Amino acid sequence: MGGAQSTKKHDIIRVLTSETTLDEEDVVIARVDDLEIGKRGEDETGQRSDSATASKRNGITIALDGVGNEMKLSNTSLKTILSDVSGVIESGSMAAVMGPSGAGKTTLLDLISQRKTEGIIHGRVLFDGVVPTLSAIKKYTAYVPQTEAFFGPATVYETVLFAAMIKLPGTSREDIEQKFEMVEHVIDQMGLSKCRDTKVGNHVIRGISGGEQKRLAVASALCTSNPRAMFLDEPTSGLDSTMAAEVIKSLSRLNREDGRTLIVTIHQPSMHVFQHFTKLCLLQDGKLAYFGKAGHNPMEFFVAQGFPYEPGFNIAEYFIDTISVSDHGCTAYYQSSALSRENLAKVAEITSLNLPMNAMTINTESSANGKGKDSPYAHDSLTELRIMLRFKDAPRWRDGMFWFTRLGLYSILACLLSAFFYQQKHTPSGLLNINGIAFIAIILPTFMAQVHVEELKFERELYTRHFHDSYYRPSNFIASKIIGELPMTVITAVSFSSILHWAVGFNSEPEAFFFFCLVNFVTFTIAQLIGCTVSATLPGDVGPASVLPMFSTLNMLVGGFFIRASTIHDAWQWLYRVSFIQWAWSAVMVNEYTNGDGTPRQFYDHCGSPTGGLDELIEQISLPESSLRLLRLFFTRQTECDPISGDSVLRTFSLEDRNRWMSLLYASISIPVYLITFYFGVSRVRHEKR
Ligand SMILES: Nc1ncnc2c1ncn2[C@@H]1O[C@H](COP(=O)(O)OP(=O)(O)OP(=O)(O)O)[C@@H](O)[C@H]1O
């Protein structure tokens with residue numbers, strides 16, 4: 001029963017990779033296998049002869065032909081990071097790239113996967129005999145970086161599921177069911193069943209262990225394209241020996257069962273871990289010290305050079321110690337060795353094939369999405385957005401921090417402000433306070449935008465990683481972020497506005513209340529976009545942290561409250577014109593001091609009453625406000641107390657000609673403006689260098 005199920009799962013995976021089983025592919029595989037290196041590849045993995053067929057089908061033969069990299073240093077001199085690395089990693093191999101720190105392991109992995117774009121790059125890397133395009137690499141291979149970024153609130157299952165949904169083509173019911181099954185299979189395969197429903201975790205959420213994170217990274221990579229080759233940068237770093245062994249065991253199973261080619265950079269693995277590798281590439285200062293079979297072969301190679309091996313000593317440690325003490329003797333020895341010549345011959349065999357582009361096992365077609373040959377994305381834009389909203393952003397709603405940093409913080413702030421501005425009278429000093437609290441309500445979200453700066457700083461790593469792997473388009477990252485957050489922005493704006501509106505005693509007309517909510521919704525959205533723009537555009541921590549307060553202060557100064565609009569210096573008039581703060585504040589001010597019909601409100605709170613207790617008496621009579629006003633007028637001597645007109649307050653701030661809807665419209669223009677800057681930051685600014 002279990003066997004039948006497992007066969008079915010393998011069938012599903014085969015179905016999902018059907019685009020790689022082209023007829024042409026078989027022809028070329030046959031040609032590569034005809035070569036001696038193909039046979040050797042099988043010999044090397046002789047203990048798993050039944051997987052050899054799978055190796056031919058699923059793995060990729062990777063040939064390194066004089067690969068090197070030089071970096072220009074600031075003093076214009078060149079630093080050689082990697083020099084003349086040649087050799088063949090046969091399809092279905094599990095290769096370890098080892099060497100002391102700084103030897104060039106990551107650089108080699110980055111060059112193979114075309115992630116390294118810096119400096120001068122020498123030589124070429126061939127996949128099944130041809131130099132692949134970047135989109136072919138993205139389609140057929142997966143790269144698992146040393147430090148993986150995850151979405152903390154999502155569970156292990158949700159993380160893998162999102163990878164499968166967004167990266168694998170197909171949206172029919174059958175496709176979706178297959179993806180669900182594949183996810184279950186991969187979770188099982190990577191030994192993650194125990195923590196399937198545990199949150200991945202981040203700097204605030206306690207999540208899965210380091211080893212589980214490494215395996216989750218591999219599981220996600222497996223689901224993105226069912227890759228034929230995987231490149232893993234230090235998958236065991238930071239793990240204890242048991243966890244490291246578990247990770248490598250899972251990788252080894254992956255390699256055995258599905259015949260994928262795995263290239264793994266690794267630091268001094270234990271004997272137990274080292275025995276899983278079939279191929280070894282040893283580097284010292286960017287040069288090869290050994291390139292060939294793993295197992296006992298490298299030991300014999302070094303013993304032959306006169307470096308004795310003490311039985312029982314960790315073999316990987318022996319290699320590293322040996323090449324470190326040899327002072328480049330080992331790299332010189334390798335270059336003149338028969339092994340080096342043999343490796344060069346294997347590479348020459350492959351390069352001499354001169355395979356045509358249309359007959360390669362690695363082709364450049366996009367992943368069957370029918371949306372253009374060169375599109376690296378699995379879905380059209382709308383489907384992609386739907387998947388993101390459903391599978392990427394949904395877990396956020398379970399995150400307490402998400403609620404606290406929006407609804408929680410704004411509600412607390414509204415209560416705090418209410419304590420200071422509780423029930424203001426419409427007296428001269430009360431009206432001054434009302435103007436002040438209206439301004440604070442408008443400027444507050446700009447300071448609170450720091451929340452979005454911080455959040456995106458962590459998300460930046462994740463989206464950089466997702467962009468590398470063409471998970472989704474930058475525009476959809478932005479769209480999902482804004483749309484996904486929209487309900488929370490509405491809830492927060494309504495809650496903040498309700499508390500403040502009631503506590504302060506703003507214009508009590510229902511329409512005025514809804515308008516106040518609307519203005520707050522607009523300013524919250526703009527503030528979110530500003531925070532995201534700052535974080536996406538400015539690299540590092542210092543830039544975003546210093547720009548936002550500067551931006552908020554400048555906007556505050558031209559907001560029209562602290563400095564009267566007419567007295568703002570000419571040099572800053574442009575900022576006054578474009579500042580959403582002043583437009584939003586004027587919208588709130590006009591809303592506060594004008595009746596629904598556009599007439600100015602009149603305030604009598606400052607007027608005394610000749611008959612003591614008149615106000616209290618009037619308040620007990622339930623009459624419309626206009627009748628109450630008449631009553632007050634009747635009992636109050638007009639000559640002694642003119643009402644304060646809303647118009648006069650607006651005039652004080654040069655706002656008498658403003659219309660609240662037009663003001664809100666002008667404030668809202670900042671939304672598309674900051675959307676564009678956010679898009680620019682996300683799509684154009686790189687935060688990591690390769
Ligand atoms: N952009 C760069 N400019 C200058 N030197 C660089 C650059 N990138 C890498 N290097 C240097 O190249 C060498 C190889 O770096 P790489 O990260 O490939 O080593 P590694 O073997 O992976 O090291 P580790 O095991 O410590 O991760 C190092 O000495 C590093 O300082």
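Just so we're clear, the structure is a prediction, and the values are computed from it rather than from any experiment. (Residues numbered from 1 in each chain as written. Predicted model: local features only at pLDDT ≥ 70, side-chain atom pairs only at ≥ 80, totals over all residues. Heavy atoms only, no water.)

## Comments concerning the overall build of the protein chain
Regarding its fold elements, the protein chain presents 29 helices and eleven strands. With 690 residues in all, the protein chain has 55% of them scored as buried. Considering only contacts in the protein chain between residues 6 or more positions apart, those separated by 24 or more positions represent 78%. With an accessible surface of roughly 30,000 Å², the protein chain has 58% of that area assigned to carbon and sulfur atoms. (Helix = DSSP H or I, 4+ residues; strand = E, 2+ residues; numbered from the N terminus. Buried < 20%, exposed > 50% of the residue type's maximum accessible area, 1.4 Å probe, protein only. Contact = heavy atoms within 4.5 Å. Areas by Shrake-Rupley, 256 points an atom, 1.4 Å probe, with all protein chains shown as cover.)

## So, the confidence of the model for the protein chain
Of the residues in the protein chain, 84% have a pLDDT of 70 or more, and the chain-wide mean is 83. In the predicted structure, residues 1-56 sits below a pLDDT of 50 and forms 79 contacts with residues beyond four places in sequence or in another chain. Below a pLDDT of 50 lies the segment residues 362-372, which in the model reaches 33 contacts outside its immediate sequence neighbourhood of four places, other chains included. (pLDDT = per-residue confidence, 0-100.)

## Remarks on the packing of helix 21 (residues 510-537) against helix 24 (residues 580-593)
At a closest axis distance of 10 Å, the pairing of helix 21 and helix 24 adopts a crossing angle of 170°. Classified by the interaxial angle, the pair formed by helix 21 and helix 24 is roughly antiparallel. The residues of helix 24 that touch helix 21, namely those facing Ala 512, Phe 515, Phe 516, Val 519, Thr 523, Ile 526 and Ile 530, are Phe 580, Ala 584, Ala 587, Val 588 and Asn 591. Broken down by class, the residue content of the contact of helix 21 with helix 24 amounts to ten nonpolar, two polar and no charged. (Axes fitted to C-alpha atoms, helices over the stretch in contact; angles between N-to-C directions. Parallel < 35°, antiparallel > 145°, perpendicular 65-115°, else oblique. Nonpolar A, V, L, I, M, F, W, Y, C, P; charged D, E, K, R; others polar.)

## A closer look at a nonpolar patch on the surface
Nonpolar side chains collect at one region of the surface, where Leu 554, Leu 557, Phe 562, Ile 563, Trp 572, Trp 574 and Val 578 lie side by side and expose about 660 Å² of accessible area between them. For the nonpolar patch, the secondary structure elements donating two or more residues are helix 22 (542-557) and helix 23 (573-578). One can find Val 578 in helix 23. Taking the relative accessible area as the measure of exposure, Val 578 reaches 52% and is therefore exposed. (Patch = residues over 30% accessible without salt bridge, like charges linked within 9 Å, V, L, I, M, F, W, Y side chains within 5 Å. Salt bridge = Lys/Arg side-chain N within 4 Å of Asp/Glu carboxyl O.)

## Description of the side chain of Thr 427
Summarising the element assignment, Thr 427 is placed in the loop between helix 17 (400-421) and helix 18 (428-448). The residues touching Thr 427, leaving out its near neighbours within four places in the chain, are Asp 605, His 606 and Ile 644.

## Here we look at the site of the ligand
Near the ligand lie 15 residues; those nearest to it are Ser 101, Gly 102, Lys 105, Thr 106 and Thr 107. Ser 101 has a polar side-chain atom sitting 2.6 Å from an oxygen atom of the ligand. At 3.1 Å, a backbone N or O of Ala 103 approaches an oxygen atom of the ligand. The protein chains hide 66% of the 630 Å² of surface that the ligand would expose on its own. Going through the elements one at a time, strand 2 (78-89) and helix 5 (105-112) are the ones with two or more residues in the shell around the ligand. Here the shell around the ligand takes three residues from helix 5, the largest share from any one element. The residue makeup of the shell around the ligand, split by class, is four nonpolar, six polar and five charged. (Near = heavy atom within 4 Å. Polar contact = N/O pair within 3.5 Å; in protein donor to acceptor, adjacent residues only side chain to side chain.)

## What about the pattern of salt bridges?
Applying the stated criterion across every chain, the model contains 20 salt bridges. The salt bridge involving Arg 196 is made with Glu 184; its shortest N-O contact spans 2.6 Å. Here Glu 184 lies in helix 8 (residues 173-189) and Arg 196 lies in the loop between helix 8 and helix 9 (210-225), a separation of twelve residues in the sequence. Its relative accessible area of 22% is what places Arg 196 among the partly exposed residues. When the shortest N-O distance is used, the salt bridge between Arg 260 and Asp 258 registers 2.8 Å. Asp 258 matches Arg 260 in its accessibility class, with the two residues each being buried. Where salt bridges share partners, they join Arg 396, Arg 406, Glu 455, Glu 459, Lys 481 and Glu 485 into one cluster.

## What to know about helix 24
For an α-helix the count is 3.6 residues per turn, leaving residues at separations of three or four pointing the same way. Helix length check: helix 24 (14 residues) gives 20 Å between terminal C-alpha atoms against 20 Å at 1.5 Å per residue, within 8%. For helix 24, a buried count of 14 out of 14 residues is recorded, marking the element as mostly surrounded by other parts of the structure. (Expected span 1.5 Å × (residues − 1).)

## As for the sheet that holds strand 4 (residues 120-127)
With antiparallel pairing, three strands are arranged side by side in an open sheet as 2-1-4. What marks the edges here is a single partner per strand, and that holds for strand 2 and strand 4. Across this sheet, the average inter-strand angle for adjacent strands is 10°, counted without regard to direction. The sheet contact formed by strand 1 (residues 62-72) and strand 4 spans seven bridges and is antiparallel. For Ile 62, the partnering residue across the bridge sits in strand 4 and is Phe 127. Against the sheet, helix 5 touches strand 1, strand 2 and strand 4, its axis set at about 120° to strand 1. Strand contacts of helix 15 (residues 338-351): strand 1, strand 2 and strand 4, with the helix running at about 75° to strand 2, the strand carrying the most contacts. (Pairing = 2+ DSSP bridges.)

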